[in-house]
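Overview (structure and organization)
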Amino acid sequence: MVQIRYDTEFKLYPYEKVPAQSGKPLRHPIVIVGGGPVGLALALDLGKKGTPALVLDDHDGAGQGSRAICFAKRTLDIANRLGASGPMLDKGVVWNVGKVFHGEGKLFDFNLSPEEGHRNPAFINLQQPYFERFLVEEIHIAQAAGAPIEIRGRNQVTGLQDHGDYVNLTVETPDGEYQLEADWLIACDGARSPLRDMMGLSFDGRVFEDNFLIADVKMKADFPTERWFWFKPPFEGAGQSALLHKQPDDIWRIDFQLGWDIDRDKELEPARIRARVDAMLSSQTGSIPHYELDWTSIYTFQCRRMNKFRHGSVLFAGDAAHQVSPFGARGANSGVQDADNLGWKLDLVQKGLADEALLDSYATEREFGADENILNSTRATDFMTPKTDVSRTFRDAVLNLARKQPFARTLVNSGRLSVPCAYDGFDLFVTDTLDAPAVTRPGAPCPDAPLGEGYVLDQLGGDFVVLALNCQAEDLTAHGTTTRTVHVTAPSNALRERYLGTQSQAVYLIRPDQHVVGRWANFETSLIADALQTSIGQTSTRQR
């Protein structure tokens, strides 16, 4: 019997019995377990490249509750490449400004998008069920155009046998169990990953001794569309910190720090939650407007990751591979970057255009990304919830100093917000030979900039691109992979600042996930071909 662990907000892929549930197990090139943001983004990316992807999810849609709400610019850039960002931006609440308070006084505010010339904002707030729904809607559009994507709802994986070059899965459905095989299995099944447990793999890290209450409140309110964070809030029952965020549909996310030794059932009683919300609202508005509790939950800070993200034919992504505390919005955003990194590599391997060793680079690059996120998340958690007298004294001194001294504000940590990582020095990138802006160095994600009537990221797409700025270049085929050339003869000021600097011209080779492989002053076929070889895991001695 398929376990129902939660109610769904949207029924996106209702259960349907398929012929494959009878007879011999069928072999699939790629099976993705988990229909959350990571699994759906990966399936959409693969399908649009023409690579078959089967998604198995133990429910039939997105779970209730806002859960992840802050989606960063990099995630929106990826969603735009996949064709799904339009409805997200239409529905989401755009914000760039945050404010940090200490008690009743404001310490400072910050703007996460101080420069112009980007298609997408720094962040939108959008409930996770909507994010998933918009991905599924784009999957349906892609399926109608012939993309080989299949989603099977109410298909719960209950058994896994790893045969080295393929895996065998036992799948439970409302009509009984069946088996299937997969050349590649991608585990996107969340922080409590059953697949990880089936394989006996560890999930190491820290569990911080603190609990936080989420209260999604539906109300009409005049709070600005900003992120407000309080240290030592001036309202009763908030604990050491509190957070306020606006979501679509007049929903406001309020987080309260509860401490470690709590009675979870008691804290989730509606009357007790309302007392905290009432105190917060009366403190900030002078009155208590009518509101409804839309969704509530309690979470504990955890920063953990698997030792390795690849185990033969099984690869782990998203919360199944790594977990961070919510402050900083690094969970779902880093998971979507996992999918972005893995999709093109799986595609090349499955098509025989790259050796399967290329998938090792997914693990090394995204393990690095996870470590970077865990480091930032741990630092934020330690600052927000000091556990020793010394660390509390330091935290309080910084907060008091930040009221008057701008330099101290850089030490205040209410959650360093998600930014994409650069893979400096990793094997799939070549040595930088161009004296150009650091923001577009090899390993870095491409920044956006206006280009003609649109933006440069629109032109990069999801393939290997040679970006030629004020010079000539041509398409080339090397090692079975063909590049596509984008000529720019009239770069905008922003594009010039981010890609040229003091140079009059430049040539960039850019990966399908829009990270820079290398850059040069001129187009030379042999240099680009060698860099392309390096980028698919066949290191060229010429480049290294």
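Residues numbered from 1 in each chain as written. Predicted model: local features only at pLDDT ≥ 70, side-chain atom pairs only at ≥ 80, totals over all residues. Heavy atoms only, no water.

Brief notes about the overall build of the protein chain
- Secondary structure summary: the protein chain contains 14 helices and 29 strands in total.
- Radius of gyration (C-alpha) of the protein chain: 24 Å, near the 24 Å computed for a compact globule of 544 residues.
- Projected onto the principal axes, the alpha-carbon positions of the protein chain cover approximately 65 × 65 × 45 Å.
- Taking all 544 residues of the protein chain together, 59% fall into the buried category.
- Counted over contacts in the protein chain with a minimum sequence separation of 6, partners at least 24 positions apart contribute 72%. (Helix = DSSP H or I, 4+ residues; strand = E, 2+ residues; numbered from the N terminus. Rg over C-alpha atoms; globule rule 2.2 N^0.38 Å. Buried < 20%, exposed > 50% of the residue type's maximum accessible area, 1.4 Å probe, protein only. Contact = heavy atoms within 4.5 Å.)

Some points on the packing of aromatic side chains
- Summed over the entire model, instances satisfying the criterion amount to 18 aromatic pairs.
- Ring centres of phenylalanine 71 and phenylalanine 131 lie 4.1 Å apart, and the angle between their planes is 5°; this geometry places the pair in the stacked category. A residue pair is termed long-range when its members are at least 10 positions apart, and phenylalanine 71 in strand β5 (residues 70-72) and phenylalanine 131 in helix α4 (residues 128-144) qualify at 60 residues.
- An aromatic cluster is present here, built from Phe101, Phe223, Trp228, Trp230, Phe235 and Trp252 joined pairwise through their rings.
- Across the ring face of tyrosine 166, the terminal group of arginine 27 is positioned such that the distance to the ring centre comes to 4.2 Å. (Phe/Tyr/Trp six-rings, centres within 6.5 Å; stacked < 30°, edge-to-face > 60°. Lys NZ or Arg CZ within 6 Å of the ring centre and 35° of its normal.)

Thoughts on the sheet that holds strand β6 (residues 93-95)
- Taken in spatial order, the 3 strands make up an open sheet running β5-β9-β6, and their pairing is antiparallel. The open sheet has two edge strands with one neighbour each: β5 and β6. Shown here is a sheet whose adjacent strand axes are inclined to one another by a mean of 30°, direction ignored. (Pairing = 2+ DSSP bridges. Axes fitted to C-alpha atoms, helices over the stretch in contact; angles between N-to-C directions.)

Remarks on the pattern of salt bridges
- For the structure on display, the rule yields 35 salt bridges.
- A salt bridge links lysine 49 to aspartate 45; its shortest N-O distance comes to 3.6 Å.
- Its relative accessible area of 4% is what places aspartate 45 among the buried residues.
- A single salt-bridge network, built from bridges that share partners, covers Asp45, Lys49, Arg74, Arg81 and Asp340. (Salt bridge = Lys/Arg side-chain N within 4 Å of Asp/Glu carboxyl O.)

Looking at the packing of helix α1 (residues 37-48) against α4
- As a packed pair, α1 and α4 sit with axes 10 Å apart at the nearest point and diverge in direction by 20°. Here α1 is positioned roughly parallel relative to α4, judged by the angle of their axes. Regarding α1 and α4, the two cross each other, and that crossing is left-handed. When α1 is examined against α4, the residues Pro37, Leu40, Ala41, Leu44 and Lys48 are found in contact with a partner set consisting of Gln128, Phe131, Glu132, Leu135, Val136, Glu138, Ile139 and Ala142.
- Classifying every residue of the contact of α1 with α4 by side-chain character gives 9 nonpolar, 1 polar and 3 charged. (Parallel < 35°, antiparallel > 145°, perpendicular 65-115°, else oblique. Left-handed = near helix turned anticlockwise from the far one by under 90°. Nonpolar A, V, L, I, M, F, W, Y, C, P; charged D, E, K, R; others polar.)

Section: the side chain of arginine 498
- Among the structural elements, arginine 498 can be located in helix α13 (residues 493-499).
- The residues touching arginine 498, leaving out its near neighbours within four places in the chain, are Glu115, Glu116, Gly117, His118, Pro437, Val439, Thr440, Pro447, Asp448 and Ala449.

Regarding the packing of helix α8 (residues 331-350) against helix α9 (residues 358-384)
- At a minimum axis distance of 9 Å, the contact between α8 and α9 shows a crossing angle of 170°. Here α8 is positioned roughly antiparallel relative to α9, judged by the angle of their axes. Residues Ser334, Gln337, Asp338, Asn341, Leu342, Trp344, Lys345, Leu346, Leu348 and Val349 of α8 lie in contact with α9, whose contacting residues are Leu358, Leu359, Ser361, Tyr362, Glu365, Arg366 and Asn373.
- A per-class count over the contact of α8 with α9 returns 8 nonpolar, 5 polar and 4 charged.

Describing the confidence of the model for the protein chain
- Taken residue by residue, the protein chain gives an average pLDDT of 92. The fraction at 70 or more is 97%.
- Long-range and interchain partners of residues 540-544, a stretch whose pLDDT sits below 50, account for 20 contacts in this model, where long-range means more than four residues apart. (pLDDT = per-residue confidence, 0-100.)

Concerning the state of the cysteines
- Going through the model one piece at a time under the given rule, you end up with 0 disulfides.
- The cysteine cysteine 188 is free of any disulfide, with cysteine 421 supplying the nearest cysteine sulfur at 17 Å.
- Exposure remark for cysteine 188: the relative accessible area of 11% places this residue in the buried category. (Disulfide = S-S within 2.5 Å.)

Some words on the sheet that holds strand β28 (residues 506-510)
- Taking strand neighbours across the sheet as the criterion, the 4 strands line up as β27-β24-β28-β29 in an open arrangement whose pairing is mixed. Across the chains shown, the open sheet's two edge strands, defined by having one partner strand only, are β27 (484-488) and β29 (516-520). Each strand axis lies, on average, 15° off the axis of its neighbour in the sheet, ignoring direction.
- With 5 bridges joining them, strand β24 (residues 465-469) and β28 adopt antiparallel strand pairing. By the bridge assignment, valine 465 is partnered in β28 with isoleucine 510.
- Set on the sheet, helix α14 (residues 525-535) makes contact with β24, β28 and β29; between it and β29 the angle comes to about 165°.

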